[in-house]
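Each chain, letter by letter, is given below.
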Amino acid sequence: MYDYIIIGGGIVGLSTAFALSSKYPQAKLAVLEKEQELAFHQTGHNSGVIHSGIYYKPGSLKASLSKQGAELLRDFCDQREIQYEMCGKVIVATKQEEIPQLNNLYDRGLQNGLNIELINNQQLNEIEPHVNGIKAVHVKDAGIVNYKEVSKELGKIIQERGGEILLNTKVEEIRTGENEVEIGCNRGTYRAQYVINCAGLHCDRIAALEGIKTDMQIVPFRGEYFELKPEKHYLVKHLIYPVPNPDFPFLGVHFTRMIDGHVHAGPNAVLSFKREGYRKSDFNFKDFTEVLAYPAFWKIARQNLGEGFKEMLRSYSKNMFVKNLQRLIPEVTGDDLVSAENGVRAQALTNEGKLVDDFLIVSNKRSLHVLNAPSPAATASISIGRAICEQIPEP
Ligand SMILES: Cc1cc2nc3c(=O)[nH]c(=O)nc-3n(C[C@H](O)[C@H](O)[C@H](O)COP(=O)(O)OP(=O)(O)OC[C@H]3O[C@@H](n4cnc5c(N)ncnc54)[C@H](O)[C@@H]3O)c2cc1C
């Protein structure tokens, strides 16, 4: 019998196990992961940005946990000698109409206590000589790291402390009794005092296995990327973002210098026909029909018809994608770009048809469920793990 079982070996599950093993060194815990390695899904397919927290509503979990989380992440990387770089980023207004929203972001960043500066196009050109912009916010507290590497290091520490990481172990059933939770997997049954659901793209299904009514469903959005050919890397010095659409939960196509030296361009955001579908052709009947049968999806689809249509066009037309990128860097051409690995985001949608903006964590007598942990959850992961730990009974 375990004190704690954590479902999901992504960065949120691992950070939770890490926090529990720090707070309760005697606790017996296990992380159950269905894949053959850790960080196989969202955590291993993200942009690798250490977000500053500028976008998030002051007072929200995203704002507080990302700021604190970024600091904890940097400390962790320093201690474990994991490479990261606080290269900073620019959020660029390319048209006059974007200035009010840029100013709003700047105010929000100040309210969130960030080290930011409003800069004109001359100052912008000193930081990013190839970017076309009229005004920008320079965010110094943004950086890059490899979250897969961070996850593997968390896993190593959890095991050194006596925790178990059980790979190829898929949770299929959950039965909650008076004194324990029984978790049925493809490789046998495990029992625990308490279970923590960090299953990312499948978190709603894990909650449903336990009979929890969540009033939400995960909708998978694929983010498709290109990368700059090495001879064009000079076009991007740091991280370059557009002013985001405030009605949309994604940040718009941007340029990201990765810690391994590659430069990614993207992503767009299209409905994925499979929860873990990284290619356009990926299709899963259950995943697809579940989305189509969810009335809230149609509500949100109607409300965002224009924006959704643009994203779809960008998915099928490289030209459209390039045109979007050229708003930021006019010199970029289609020939400079090759396809890169895609990612799929788990975005919670409520039964009322609202995209859940903040992190969403609900707890019960013997279970806790992380039901919305989109970006910047990788940045915030260590502080999310600590926050979860605070909500869980002692072993
Ligand atoms: C394209 C993209 C770009 C992003 N960029 C950034 C960024 O730059 N910075 C940032 O901070 N955040 C970013 N994010 C967000 C960040 O990657 C996620 O918020 C974070 O990785 C979520 O971690 P997680 O552990 O909740 O989910 P995951 O990493 O998806 O882990 C969940 C795990 O649960 C396992 N699982 C699911 N079902 C079961 C089951 N039945 N039994 C056992 N195991 C199961 C899965 O196999 C998976 O390994 C990005 C996300 C995407 C998709």
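Definitions and cut-offs
In every chain, residue numbers begin from 1 and rise along the written sequence. Where local features are concerned, this predicted model is filtered to residues with pLDDT of at least 70; where side-chain atom pairs are given and counted, the filter is 80 or more; whole-chain, interface and lining totals use all residues. Side-chain metrics in this entry use all non-hydrogen atoms of the structure; hydrogen atoms and water are not considered. In this description a helix means any DSSP run of H or I spanning at least four residues, a strand means any run of E spanning at least two, and both kinds are numbered starting from the N terminus. The reference for a compact globule is 2.2 Å times residues^0.38; the radius of gyration itself is calculated from the C-alpha atoms. Accessible area is worked out with a 1.4 Å probe on protein chains only. A residue is then buried under 20% of its type maximum, exposed over 50%, and partly exposed in between. Residue ranges for the domains originate in an automatic or database domain assignment. Should any heavy atoms of two residues lie within 4.5 Å, those residues are considered in contact. What gets called buried area is simply the loss in accessible area from a 1.4 Å probe that two parts show on being joined, summed for both. In protein, a polar contact requires one atom able to donate a hydrogen and another able to accept it; more generally it is a pair of N or O atoms within 3.5 Å, and residues adjacent in sequence count only if both atoms are side-chain atoms. When residues are grouped by polarity, Ala, Val, Leu, Ile, Met, Phe, Trp, Tyr, Cys and Pro land in nonpolar, Asp, Glu, Lys and Arg in charged, and all others, Gly among them, in polar. Only four residue types enter the tally: Lys and Arg on the positive side, Asp and Glu on the negative side; His and the chain ends are excluded. Any carboxyl oxygen of Asp or Glu that lies within 4 Å of a side-chain nitrogen of Lys or Arg is treated as forming a salt bridge with it. Multiply 1.5 Å by the residue count of a helix minus one, and that product is the helix's expected span. Between any two strands, pairing holds if DSSP finds at least two bridges. To get an axis, a line is fitted to the C-alpha atoms, and for a helix only the part in contact is used. The angle between two axes follows their N-to-C directions and goes from 0 to 180 degrees. What we call a nonpolar core is a set of buried Ala, Val, Leu, Ile, Met, Phe, Trp, Tyr and Cys residues that are connected through their side-chain atoms within 4.5 Å. In this text, near means that some heavy atom of the residue lies within 4 Å of the molecule or strand in question. Note on areas: these come from Shrake-Rupley sampling with a 1.4 Å probe, and a residue is covered only by the protein chains present in the view.

Here we come to the overall build of the chain. Each helix and strand counted, the chain has eleven helices and 22 strands in total. A compact globule built from 395 residues would reach a C-alpha radius of gyration of about 21 Å, and the chain, at 21 Å, matches this within 12%. With the principal axes as the frame, the chain shows a C-alpha extent of 65 × 45 × 35 Å. In the chain, which comprises 395 residues, the share counted as buried stands at 56%.

The next subject is the domain arrangement of the chain. When cut into domains, the chain gives domain 1 (2-48 + 148-215 + 356-390), domain 2 (89-140) and domain 3 (218-238 + 246-350). On a C-alpha basis, the centroid separation for the pair domain 2 and domain 3 is 23 Å. Domain 2 puts eleven residues into the contact, and the matching count from domain 3 is eleven residues. Summing both partners gives a buried area of about 940 Å² for domain 2 against domain 3, and 51% of it is carried by carbon and sulfur. The largest contributions to the domain 2 side of the interface with domain 3 come from Glu128, His130 and Asn132, which together make up 52% of the buried area. Scanning the region where domain 2 abuts domain 3 turns up six residue pairs in polar contact (both at pLDDT 80 or more). In terms of residue class, the side of domain 2 that touches domain 3 is made up of four nonpolar, four polar and three charged.

All right, on to the side chain of Lys62 then. Within the fold, Lys62 resides in helix H2 (residues 61-80). The buried charged residue Lys62 lacks any salt bridge partner; its closest oppositely charged side chain belongs to Asp357, at an N-O distance of 4.1 Å. A distance of 3.5 Å separates a polar side-chain atom of Lys62 from the backbone oxygen of Ser375. Excluding residues within four positions of it along the chain, Lys62 makes contact with Tyr56, Asp357, Asp358, Phe359, Pro374, Ser375 and Pro376.

Counted at 1.5 Å a residue, the expected span for helix H5 (residues 147-160) with its 14 residues is 20 Å, and the 20 Å between its end C-alpha atoms agrees. Within the span of H5, buried status applies to Tyr147, Val150, Ser151, Glu153, Leu154, Gly155, Ile157 and Ile158. The N-terminus of H5 is capped by Asn146, whose side-chain oxygen sits 2.9 Å from the backbone nitrogen of Lys148. Phi for Gly162, located one or two positions after H5, is positive at around 100°.

With respect to topology, three strands assemble into an open sheet ordered E18-E13-E20, the strand pairing being antiparallel. Edge strands, defined here as strands with exactly one partner in the open sheet, are strand E18 (270-271) and strand E20 (343-350). The pairing of strand E13 (residues 216-223) with E18 spans two bridges and is classified as antiparallel. Looking at E18, one finds that Phe221 is bridged to Leu271. Packed on one face of the sheet, helix H8 (residues 295-303) meets E13, E18 and E20 and runs near 105° to E20.

Right, let's talk about the side chain of Asn342 for a bit. By secondary structure assignment, the location of Asn342 is in the loop between strand E19 (337-339) and E20. A polar atom in the side chain of Asn342 sits 3.1 Å from the backbone nitrogen of Tyr225. Within the local environment of Asn342, its side chain forms a polar contact with the backbone oxygen of Tyr278, the two atoms lying 2.8 Å apart.

Moving on to the pattern of salt bridges. Under the defined criterion, the tally for this structure stands at 24 salt bridges. For Glu290, the salt bridge is made with Arg205, and the minimal N-O distance between the two is 3.0 Å. Here the residue Glu290 occupies a position in helix H7 (residues 285-292), and Arg205 occupies one in helix H6 (residues 203-209), the gap between them amounting to 85 residues. The class of Glu290 is partly exposed, set by a relative accessible area of 24%. A cluster of three or more residues bridged by salt bridges with shared partners is formed by Asp204, Arg205, Arg275, Asp287 and Glu290.

Attention now goes to the nonpolar core. Counting 44 residues, the largest nonpolar core has Tyr4, Leu20, Val150, Ile196 and Ile388 as the members making the most contacts within it. Secondary-structure elements contributing two or more residues to this core are strand E1 (2-7), helix H1 (11-23), strand E2 (29-32), H2, H5, strand E12 (188-197), strand E22 (367-372) and helix H11 (377-390). Excluding anything up to four places from it in sequence, Ile388 contacts Val12, Thr16, Ile196, Ile361, Leu368 and Val370.

Alternating residues of strand E15 (residues 239-242) divide into Leu239 and Tyr241 and Ile240 and Pro242, and every residue in both groups is buried. Note that strand E5 (residues 89-93) and E15 share four bridges and pair parallel. Across the sheet, Val90 pairs through a bridge with Ile240, a residue of E15. In this structure, E15 lies alongside strand E16 (residues 254-257), joined through two bridges in antiparallel fashion. When the sheet's bridge partners are listed, Ile240 is paired in E16 with Phe255.

With that settled, the discussion passes to the site of the ligand. What surrounds the ligand is a group of 39 residues, the closest being Glu33, Thr43, Asn46, Ala373 and Thr379. One of the side-chain nitrogen or oxygen atoms of Glu33 is found 2.6 Å away from an oxygen atom of the ligand. The backbone of Ser47 places a nitrogen or oxygen atom 3.2 Å from a nitrogen atom of the ligand. For the ligand, whose accessible area on its own is 1,000 Å², the fraction buried by protein is 97%. Of all the elements in the fold, those that place two or more residues in the shell around the ligand are H1, E20 and H11.

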